[in-house]
Amino acid sequence: MNKPTRLESKPIPFIDVGAQRRRLGPAIDEAIARVLAHCQFILGPEVGELEAKLAQFCGARHAISCSSGTDALSLVLMARGIGAGDAVFCPSFTFAATPEVVAHAGATPVFVDVEEATFNLDPASVECAITSAKKLGLKPKVILPVDLFGLSADHDSIAEIAESEGLFVLDDAAQAFGAIYKGRRLGAFGGATATSFFPAKPLGCYGDGGAVMTDDDELADLIKGLRVHGQMPGQSEFSRIGMTGRLDTVQAAVLIEKLKIFPEEIEARARVARRYNEALAAVAIVPRVPEGYASVWAQYTIRLAPGRRDGLGQALKAEGIPTAVYYAKPLHRHEAYRRYPVAADGLPVTERLAEEVISLPMHAYLDEPTQDRIVEAVKRALAR
Ligand SMILES: *Cc1c(COP(=O)(O)O)cnc(C)c1O
């Protein structure tokens with residue numbers, strides 16, 4: 001094997017936000033310049049235009065933009081009046097924002113295990129957790145599934161449990177805007193869907209941003225009011241306690257341009273994932289997308305035998321290739337969340353995944369030579 005040349009050892013970005021910026025160049029500059037010209041920085045015309053386009057894109061009746069993915073989740077819990085004594089069922093194998101909003105609402109996050117094949121909520125564990133919550137005297141109110149790493153949760157199974165128990169489903173699609181479940185894009189499942197436009201998410205803006213999608217007219221109006229301190233559309237009265245939760249007009253203008261190329265980018269990510277899968281299936285457990293699903297590949301995550309991933313991460317780092325571990329420690333074992341209940345059967349899959357997962361660079365602009373360099377480095381490191 002030849003020694004790597006200087007070009008070959010050039011650092012590779014984990015997510016290349018700059019490559020997309022270069023592609024969109026003048027279109028973004030012009031979109032921002034239009035906002036700078038009209039000066040309607042708060043709820044300007046681009047906000048409504050974006051909301052119509054987001055709703056159309058995912059087939060929901062309403063899309064309400066807001067200040068972040070976290071606030072999108074909070075706005076729905078606020079609108080539903082979730083609070084003290086209420087149980088909200090969510091995974092522990094997720095980002096902290098998922099249970100955080102529940103705790104902020106004064107309710108109790110109840111941690112549920114995930115399925116090994118998809119890393120998403122295990123319906124059997126949800127049922128177990130509902131029983132556990134009732135035994136603790138909590139009122140089951142909401143199932144909060146996460147569509148982790150860009151792959152949809154099993155929304156039909158979740159809907160079935162929600163229906164039989166009378167629970168609301170709030171889908172945390174912060175990592176999965178654009179993903180498809182049984183032929184339809186996320187945004188059309190459950191009572192409401194929250195997403196994030198944080199720059200590193202599949203559809204990101206140039207700062208913080210988020211949105212709520214719902215088919216429920218009343219809920220949509222409530223959320224529009226809650227994002228401006230509880231002043232409902234067309235009313236002068238503050239009828240509810242809300243928050244400052246708007247999306248900036250500048251961010252809406254950026255997102256309108258980025259949404260135009262988003263379907264192409266989803267395709268490009270899928271191509272990258274397919275190439276990784278073909279190259280790495282022999283050396284690691286690679287992610288599989290169930291029939292009828294389409295992932296937006298927020299992360300490309302493989303699994304290795306326990307104890308092996310740190311060595312891989314170090315070997316790749318030495319070659320200028322970044323990796324990340326989402327999530328090395330499940331949330332129910334973090335200090336802030338240790339006091340909350342978990343499903344009585346425990347979270348064995350969550351615990352195992354936390355020891356096995358490692359994510360490789362993934363974005364729509366990862367070219368084949370760069371990807372081949374990553375693949376060769378992974379194979380070399382794992383052959384040691
Ligand atoms: C990123 C993320 C959020 C929060 O989104 P922000 O826009 O950063 O507030 C919520 N849930 C999950 C699963 C996320 O990955």
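Rules and cut-offs
Residues numbered from 1 in each chain as written. Predicted model: local features only at pLDDT ≥ 70, side-chain atom pairs only at ≥ 80, totals over all residues. Heavy atoms only, no water. Helix = DSSP H or I, 4+ residues; strand = E, 2+ residues; numbered from the N terminus. Rg over C-alpha atoms; globule rule 2.2 N^0.38 Å. Buried < 20%, exposed > 50% of the residue type's maximum accessible area, 1.4 Å probe, protein only. Contact = heavy atoms within 4.5 Å. Areas by Shrake-Rupley, 256 points an atom, 1.4 Å probe, with all protein chains shown as cover. Near = heavy atom within 4 Å. Polar contact = N/O pair within 3.5 Å; in protein donor to acceptor, adjacent residues only side chain to side chain. Nonpolar A, V, L, I, M, F, W, Y, C, P; charged D, E, K, R; others polar. Domains from an automatic or database assignment. Buried area = accessible area lost by both parts, 1.4 Å probe. Salt bridge = Lys/Arg side-chain N within 4 Å of Asp/Glu carboxyl O.

Regarding the overall build of the chain
Thinking step 1. When helices and strands are counted, the chain shows eleven helices and twelve strands.
Thinking step 2. Against the compact-globule benchmark of 21 Å for 384 residues, the chain has a radius of gyration of 21 Å, which places it among compact chains.
Thinking step 3. Seen through its principal axes, the chain has C-alpha atoms that stretch 70 × 60 × 35 Å.
Thinking step 4. The buried share of the chain, reckoned over its 384 residues, is 56%.
Thinking step 5. Of the contacts formed within the chain by residues at least 6 apart in sequence, a portion of 72% connects residues at least 24 apart.
Thinking step 6. When the accessible surface of the chain is split by element, carbon and sulfur atoms take 52% of a total near 16,600 Å².

Some remarks on unusual backbone geometry
Thinking step 1. The omega torsion across Tyr326 and Tyr327 is 10 degrees, close enough to zero to call that bond cis.
Thinking step 2. Within the secondary structure, Tyr327 sits in the loop between helix H9 (309-318) and helix H10 (348-356).
Thinking step 3. The residue Cys39 is not glycine, and still its phi comes out positive at about 65 degrees.
Thinking step 4. With respect to the secondary-structure elements, Cys39 resides in the loop between helix H1 (17-38) and helix H2 (45-58).

Here's the deal with the site of the ligand
Thinking step 1. By nearness alone, 14 residues border the ligand, and Gly69, Thr70, Gln175, Ser196 and Lys201 come closest of all.
Thinking step 2. Here an oxygen atom of the ligand sits 2.6 Å away from a polar atom, N or O, in the side chain of Ser196.
Thinking step 3. Notes on the ligand: free accessible area 380 Å², of which the protein chains cover 92%.
Thinking step 4. A class-by-class count of the residues in the shell around the ligand yields four nonpolar, eight polar and two charged.

Examining the domain arrangement of the chain
Thinking step 1. Domain parsing of the chain yields domain 1 (22-257) and domain 2 (262-382).
Thinking step 2. One C-alpha centre belongs to domain 1, the other to domain 2, and the line joining them spans 24 Å.
Thinking step 3. Counting residues at the interface gives 48 residues for domain 1, matched by 41 residues for domain 2.
Thinking step 4. Buried surface at the junction of domain 1 and domain 2, both sides included, amounts to about 3,500 Å², of which 65% is carbon and sulfur.
Thinking step 5. Counting the surface domain 1 buries against domain 2, the share from its top three residues, Phe93, Phe111 and Phe149, is 20%.
Thinking step 6. Our count for the domain 1 to domain 2 interface comes out at three salt bridges.
Thinking step 7. Ionic pairing is found between Arg23 and Glu264, a salt bridge with its closest N-O pair at 2.6 Å.
Thinking step 8. Counting every contact that joins domain 1 to domain 2 gives 19 residue pairs in polar contact (both at pLDDT 80 or more).
Thinking step 9. Elements represented by at least two residues in the side of domain 1 that touches domain 2 include exactly helix H4 (97-104), strand S3 (108-112), helix H5 (123-135) and strand S6 (180-181).
Thinking step 10. It is S3 that provides the largest number of residues to the side of domain 1 that touches domain 2, a total of five residues.
Thinking step 11. Residues belonging to the side of domain 1 that touches domain 2 are distributed by class as follows: 28 nonpolar, eleven polar and nine charged.

Overview of the pattern of salt bridges
Thinking step 1. Enumeration over the complete set of coordinates arrives at 18 salt bridges.
Thinking step 2. Among the salt bridges present, the one from Glu165 reaches Lys134, with a minimum N-O distance of 3.0 Å. Of the two residues, Glu165 sits in helix H6 (residues 155-165) while Lys134 sits in helix H5, which places them 31 residues apart along the sequence.
Thinking step 3. A salt bridge links Glu356 to Arg303; the shortest N-O distance between them is 2.9 Å.

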